[in-house]
Amino acid sequence: MVDPSAGVALCEESSLYDTAQALLKQMNSQGKSRWCLQKKLESVPSCPDSLIQMLIKQLEKTIYKTCLHTHVIPVLHMLYYVIIQSADTIPAGLYQTVHEGLMKLLTLPSPYSALALSTLRSIKMEMITPGCLYQRKVTAEQNLKTQGYRLQDKVFVLADPAVFSIPLQEIVKANLEVSSSHRNVKNVKKTVLQHALHRGLGKTCQSHLLAQTLEGLGDLMIEQYFQEVVLVMDESIKQGAAGHSNYLDKLQNIYRTIMADSKEGVTTMFIFAACSDITTVEPDIALPTALPFPDVNFMLWKSEKDIWDLLAQFPRSQSSSSTDESKDNPVLSVESSLERDVQEKGLRDGEPANANQEPLLNRRRAFRNMKAQDKLSLVRERIGNFPGNFAVLKEDRERHTARIVVMGDDRVLGRLSKFYYNIHERESKCLNFTKKLKLLFYYIPITDVESSPSPSDSSCQDGQMLSLASVFGRVDPWYNSNINSLQGDISKQAERNSTHGKKSQPNVLLETLCYYLRCGTQPVNLPLYVIKMTRSNSDVVEDVFVSHLEAEISEFRHLKEKNLKVGPVPRRKKSASDVFSAVISVKYTKLSLSKREVEKGEASMSYGFVITSELAAETSGENYLIVNFDSMNPENNTKIQTQKIVIKTMEHRMLSVCLDKDSRRTYSDIQRMEIFPCLDPGCNMRSRFSSERQLPLNKYLEKVLSLPINTFTGDGF
């Protein structure tokens with residue numbers, strides 16, 4: 001008799017194969033095909049071998065065609081999650097084919113070779129210990145406490161209140177926090193047990209009977225078997241290939257023990273099946289192999305204090321119930337000390353001004369007394385921000401992960417850059433977070449000018465508010481397809497909710513966020529720039545910006561508005577009383593091919609200027625600034641490319657300066673400003689015997705501090 005379920009499975013596999021082919025053909029289009037494929041993978045737990053072979057062939061094609069290199073990243077992601085979510089055991093011969101295909105990708109340039117190497121390491125681990133990737137991913141994302149693998153992973157989504165209206169905030173929060181409301185720890189652990197046993201034992205594991213048995217067990221028994229499986233996996237990973245057979249034997253013993261707990265129920269079911277028609281026997285059920293949503297925390301980012309509080313509470317929430325265990329475990333002892341470190345160092349203060357108010361002698365003493373191990377940790381963290389670098393030391397793996405996702409426009413990245421600079425400045429004096437937390441940053445561009453218009457007197461109300469999102473999209477086409485398109489989906493959902501009310505709809509935002517968090521591993525580094533501003537009363541104010549600076553002389557603002565509306569005014573005879581601009585003194589370092597610093601000075605007639613940052617990833621060179629001076633006379637509309645510049649107003653004129661298009665970061669009464677690349681405080685390593693002597697390692701470090709925003713391909717071309 002033909003099994004009808006076999007025909008259904010064949011149709012599902014054929015549909016899955018067709019969807020994958022469509023995705024490969026439409027790789028540069030919107031990310032809808034990727035999302036559809038992800039859902040189909042979840043509904044077809046038995047992974048067809050033909051799909052893996054097709055993906056490997058596609059990867060091999062990209063090696064010889066440069067135009068197809070951009071396809072490597074999404075295909076690698078697809079291959080990784082086909083393997084990790086498959087419920088069936090993958091044949092050893094197919095694993096060997098995957099291994100050979102990934103080895104060929106190592107000849108490609110970064111970041112393709114870097115991601116191929118990372119995928120290769122993960123798949124080799126899965127070959128030795130089947131089910132370990134799924135177990136570790138779920139354990140970390142769901143914050144499950146285990147005896148062997150203690151590292152946790154938490155997601156914080158910070159939305160800019162300047163962009164998010166109340167209706168938009170409610171929609172996004174409801175979509176992201178739905179994962180927490182449906183979270184069931186017991187069911188998650190049962191899913192991990194089923195996946196590990198079925199993946200390791202293959203057809204000898206009867207999925208239907210195992211699911212029935214686990215359903216009848218209590219919480220304590222589920223916890224016991226879950227801890228046993230995690231411990232067995234950790235031992236197998238440590239032993240490597242030599243521990244593979246021992247791992248399978250232990251899984252078999254755990255499986256027999258579980259089934260023995262429900263021996264009577266199993267026997268009764270077999271007797272019932274023998275007395276009935278054979279077609280009434282319930283077929284083996286499909287395993288729920290889809291990765292559950294991580295725990296997402298959504299909040300409005302109103303002040304810098306909010307993010308400090310989140311980071312302080314992250315380890316404390318994991319270690320509050322494990323005080324006794326922290327004495328024997330270095331990871332837990334690190335967790336329990338974080339809250340104390342935060343309070344002692346004053347990290348709960350919103351602004352970092354107090355750090356600069358310490359006596360100079362104390363600051364020098366703090367740097368001199370920093371342990372060599374702490375200095376080395378700062379260097380390792382800096383090196384790890386670049387594509388192709390992986391954590392190889394044990395202590396690099398013994399850190400929890402805090403994933404910070406910011407939602408907004410260019411303004412929110414400006415605020416994030418300031419926070420990133422503040423945390424590096426504090427860490428250079430005494431390590432608090434680097435030892436305990438690994439910070440990863442993500443960006444989802446959203447803007448809503450109508451709901452939060454800039455004030456009419458703001459110098460930042462003009463200009464494109466998603467310029468950095470456009471940069472990410474040009475550097476990473478896959479980011480442009482999947483992340484930049486989210487704003488349209490959120491807007492459409494808001495319209496549907498307002499007209500038709502809340503209905504059950506696909507959660508595209510949460511699905512795409514999970515894909516971004518799991519696959520966005522390559523950073524685009526945004527260089528930070530320091531601006532030192534001197535006011536008319538000689539007070540000096542210091543800040544950082546990442547993409548945009550706009551300055552204007554307040555009394556000439558009407559000229560700027562007129563110039564924007566009608567364009568430059570043609571030359572005409574001026575009367576003695578006409579004043580169209582002021583003299584601005586400029587001194588800057590000119591960019592040259594020889595990279596020699598050539599200082600130039602000039603005076604310009606201008607009523608304001610705009611400074612924008614250009615990334616090396618787009619220019620195929622190095623990072624620099626473009627300074628555009630605005631004037632009513634077209635001849636004075638000059639442009640300068642530089643990395644360092646000093647601007648000073650003459651004739652007692654004062655500037656109003658706005659950073660990163662954010663009216664909340666506007667400085668007035670500015671007479672002089674100096675702009676230069678922001679140096680990383682953690683990379684300034686000096687000899688313990690002489691504060692003036694730099695260590696030889698310094699010359700190999702990139703000293704400019706950059707904000708790493710994770711994307712899919714990064715900027716490592």
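Residues numbered from 1 in each chain as written. Predicted model: local features only at pLDDT ≥ 70, side-chain atom pairs only at ≥ 80, totals over all residues. Heavy atoms only, no water.

## Quick word on the overall build of the chain
Link 1 in the chain: The secondary structure content of the chain amounts to 27 helices and 16 strands.
Link 2 in the chain: Here the chain, with 717 residues, has 51% of them falling under the buried criterion.
Link 3 in the chain: For the chain, the exposed surface amounts to about 33,500 Å²; the carbon and sulfur share of it is 53%. (Helix = DSSP H or I, 4+ residues; strand = E, 2+ residues; numbered from the N terminus. Buried < 20%, exposed > 50% of the residue type's maximum accessible area, 1.4 Å probe, protein only. Areas by Shrake-Rupley, 256 points an atom, 1.4 Å probe, with all protein chains shown as cover.)

## Observations concerning the pairing of strand β5 (residues 522–527)
Link 1 in the chain: Within β5, 6 of the 6 residues are buried, leaving the element largely enclosed by the surrounding structure.
Link 2 in the chain: Covered by surrounding structure in β5 are Q522, V524 and L526 together with P523, N525 and P527, the residues of both alternating faces.
Link 3 in the chain: Here β5 pairs with strand β16 (residues 706–711) via 6 bridges, running antiparallel. Within the sheet, the bridge partner assigned to L526 lies in β16 and is L707. (Pairing = 2+ DSSP bridges.)

## Some thoughts on the packing of aromatic side chains
Link 1 in the chain: This model, assessed by the stated rule, comprises 12 aromatic pairs.
Link 2 in the chain: Relative to Y516, the ring of Y442 lies with its centre 5.1 Å away and its plane at 85 degrees, an arrangement referred to as edge-to-face. Here Y442, found in strand β4 (residues 437–445), pairs with Y516, found in helix α25 (residues 508–519); they are 74 residues apart in sequence, far enough to count as distant.
Link 3 in the chain: Given the relative accessible area of 0%, Y442 is considered buried.
Link 4 in the chain: Ring geometry for F472 versus Y479: centroids 5.6 Å apart, planes at 75 degrees, classification edge-to-face.
Link 5 in the chain: Under the relative-accessibility criterion, F472 is labelled buried at 0%.
Link 6 in the chain: With relative accessibility at 0%, the residue Y479 sits in the buried group. (Phe/Tyr/Trp six-rings, centres within 6.5 Å; stacked < 30°, edge-to-face > 60°.)

## As for helix α12 (residues 219–239)
Link 1 in the chain: With 21 residues, α12 should cover 30 Å at 1.5 Å per step; its first-to-last C-alpha distance of 30 Å lies within 8% of that length.
Link 2 in the chain: Residues I222, Y225, F226, Q227, V229, V230, V232, M233, D234 and S236 constitute the buried set of α12.
Link 3 in the chain: Residues of α12 that are buried sit in contact with α6 (112–128), α7 (132–141), α10 (185–201), α11 (207–216) and α13 (244–260). (Expected span 1.5 Å × (residues − 1). Contact = heavy atoms within 4.5 Å.)

## A look at the environment of R415
Link 1 in the chain: Secondary-structure assignment places R415 in helix α21 (residues 410–427).
Link 2 in the chain: On the accessibility criterion, R415 (12% relative accessible area) is buried.
Link 3 in the chain: In this structure the C-alpha to C-alpha distance between R415 and E304, which are 111 residues apart in sequence, comes to 8.2 Å.
Link 4 in the chain: Excluding residues within four positions of it along the chain, R415 makes contact with D160, P161, W301, K302, S303, D662, R664 and R665.
Link 5 in the chain: A distance of 2.8 Å separates the side chain of R415 from the backbone oxygen of W301, its partner in a polar contact. (Polar contact = N/O pair within 3.5 Å; in protein donor to acceptor, adjacent residues only side chain to side chain.)

## Quick word on α10
Link 1 in the chain: If you check α10, its first and last C-alpha atoms are 24 Å apart, about what 17 residues at 1.5 Å a residue would give, namely 24 Å.
Link 2 in the chain: If you check the start of α10, you find a side-chain oxygen 3.1 Å away from the backbone N of K186, and it comes from N184.
Link 3 in the chain: The positive-phi residue at the C-terminal boundary of α10 is G202, with phi of around 70 degrees.

## With respect to the pattern of salt bridges
Link 1 in the chain: Applying the stated criterion to the full structure yields 19 salt bridges.
Link 2 in the chain: For D153, the salt bridge identified is with R403, shortest N-O distance 2.9 Å. Placement of the pair is D153 in strand β1 (residues 153–159) and R403 in strand β3 (residues 400–408), with a sequence separation of 250 residues. Accessibility classification places D153 together with R403 in one group, the buried group.
Link 3 in the chain: Taking the shortest distance from any N to any O, the salt bridge between R665 and D543 comes out at 3.1 Å. Of the two residues, R665 is situated in strand β15 (residues 662–677) and D543 in strand β7 (residues 540–545); the sequence distance between them amounts to 122 residues.
Link 4 in the chain: A relative accessible area of 8% places R665 in the buried class.
Link 5 in the chain: Assessed through its relative accessible area of 4%, D543 is described here as buried.
Link 6 in the chain: What emerges from the salt-bridge pattern is a single network uniting D160, R415, D662 and R664. (Salt bridge = Lys/Arg side-chain N within 4 Å of Asp/Glu carboxyl O.)

## Comments concerning unusual backbone geometry
Link 1 in the chain: In this structure, the amide linkage connecting S110 to the following residue, P111, adopts the cis form with an omega of 10 degrees.
Link 2 in the chain: Looking at the secondary structure, you find P111 in the loop between α5 (92–105) and α6.
Link 3 in the chain: Notably, D660 is not glycine yet its phi reads approximately 50 degrees, a positive angle.
Link 4 in the chain: With respect to the helices, strands and loops of the structure, D660 is situated in the loop between β14 (655–659) and β15.
Link 5 in the chain: Classification of D660 by relative accessible area gives buried; the value is 0%.

## Concerning the environment of V540
Link 1 in the chain: Locating V540 in the fold gives a position in strand β7.
Link 2 in the chain: With a relative accessible area of 57%, V540 lands in the exposed category.
Link 3 in the chain: When the C-alpha positions of V540 and R672 are compared, they lie 9.4 Å apart, and in sequence the two are 132 residues distant.
Link 4 in the chain: Ignoring sequence-local partners within four residues, the contact set of V540 consists of M533 and T534.

## A word on the packing of α10 against α13
Link 1 in the chain: The geometry of α10 relative to α13 is characterised by a closest axis approach of 10 Å and an angle of 125 degrees between their N-to-C directions. Looking at the two axes, α10 sits oblique to α13. By crossing handedness, the relation of α10 to α13 is classed as left-handed. Residue-level contacts link A196, L197, G200 and L201 of α10 to L248, L251, Q252, Y255 and I258 of α13.
Link 2 in the chain: Its residues placed into classes, the contact of α10 with α13 shows 7 nonpolar, 2 polar and no charged. (Axes fitted to C-alpha atoms, helices over the stretch in contact; angles between N-to-C directions. Parallel < 35°, antiparallel > 145°, perpendicular 65-115°, else oblique. Left-handed = near helix turned anticlockwise from the far one by under 90°. Nonpolar A, V, L, I, M, F, W, Y, C, P; charged D, E, K, R; others polar.)

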